[in-house]
Amino acid sequence: MRLRIDDMTCDGCARAVTRTIQRLDPEAQVAVDRPGGTADVTTKAEGEALVSALTKAGYPAEVLAA
């Protein structure tokens, strides 16, 4: 799925986003495009669970494509 993720301003933010996603699904594959503000994620986790976790971590998110 593709997520739009706001407030990623540095590589540390991109790593935090990856860690947050992998806390929900340790086997998730995450490719963050920090300049584009998106992440492509292959995961068993539900999109809404990812959005909720990322938003709580300070990175407001929404699912662009499942």
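Everything numeric here is computed off the predicted structure, so don't read it as measured data.

Asker: Is there a simple way to explain the pattern of salt bridges in this structure?
Answerer: Oppositely charged side chains are able to pair whenever their charged atoms sit close together. A complete count under the given rule lists four salt bridges for this structure. Put simply, R34 and D11 hold a salt bridge, and the shortest N to O gap is 3.3 Å. Of this pair, R34 sits in the loop between β2 (29–33) and β3 (38–42) while D11 sits in helix α1 (residues 11–24), and the two are 23 residues apart along the sequence. Residue R34 is classed as partly exposed on the basis of its relative accessible area, which comes to 29%. A relative accessible area of 49% places D11 in the partly exposed class. Counted as one network, the salt bridges with shared partners bring together R4, D6 and E62.

Asker: Sorry, what's going on with α1 here?
Answerer: Residues spaced three or four apart along an α-helix face the same direction, because each turn holds 3.6 residues. With 14 residues, α1 extends 21 Å between its outermost C-alpha atoms, agreeing within 8% with the 20 Å of an ideal straight helix rising 1.5 Å per residue. On its buried face, α1 sits against β1 (2–5), β2, β3 and α2 (47–56).

Asker: In this structure, what is going on with the nonpolar core? I would like to understand it.
Answerer: In globular proteins that are soluble, nonpolar side chains generally tend to be buried together. With 16 residues, the main nonpolar core has L3, I5, V17, I21, L54 and Y59 as its most contacted residues. If you list the elements that add at least two residues to this core, you get β1, α1, β3 and α2. The leading source of residues in this core is α1, at four residues. Setting aside residues no more than four positions away along its own chain, Y59 makes contact with I5, D6, D7, M8, C13, A16, V17 and L54.

About the cut-offs
- Residues numbered from 1 in each chain as written.
- Predicted model: local features only at pLDDT ≥ 70, side-chain atom pairs only at ≥ 80, totals over all residues.
- Heavy atoms only, no water.
- Salt bridge = Lys/Arg side-chain N within 4 Å of Asp/Glu carboxyl O.
- Helix = DSSP H or I, 4+ residues; strand = E, 2+ residues; numbered from the N terminus.
- Buried < 20%, exposed > 50% of the residue type's maximum accessible area, 1.4 Å probe, protein only.
- Expected span 1.5 Å × (residues − 1).
- Contact = heavy atoms within 4.5 Å.
- Core = buried A, V, L, I, M, F, W, Y, C linked by side-chain atoms within 4.5 Å.

Honestly, that's just the spatial picture; any functional story needs more than this.
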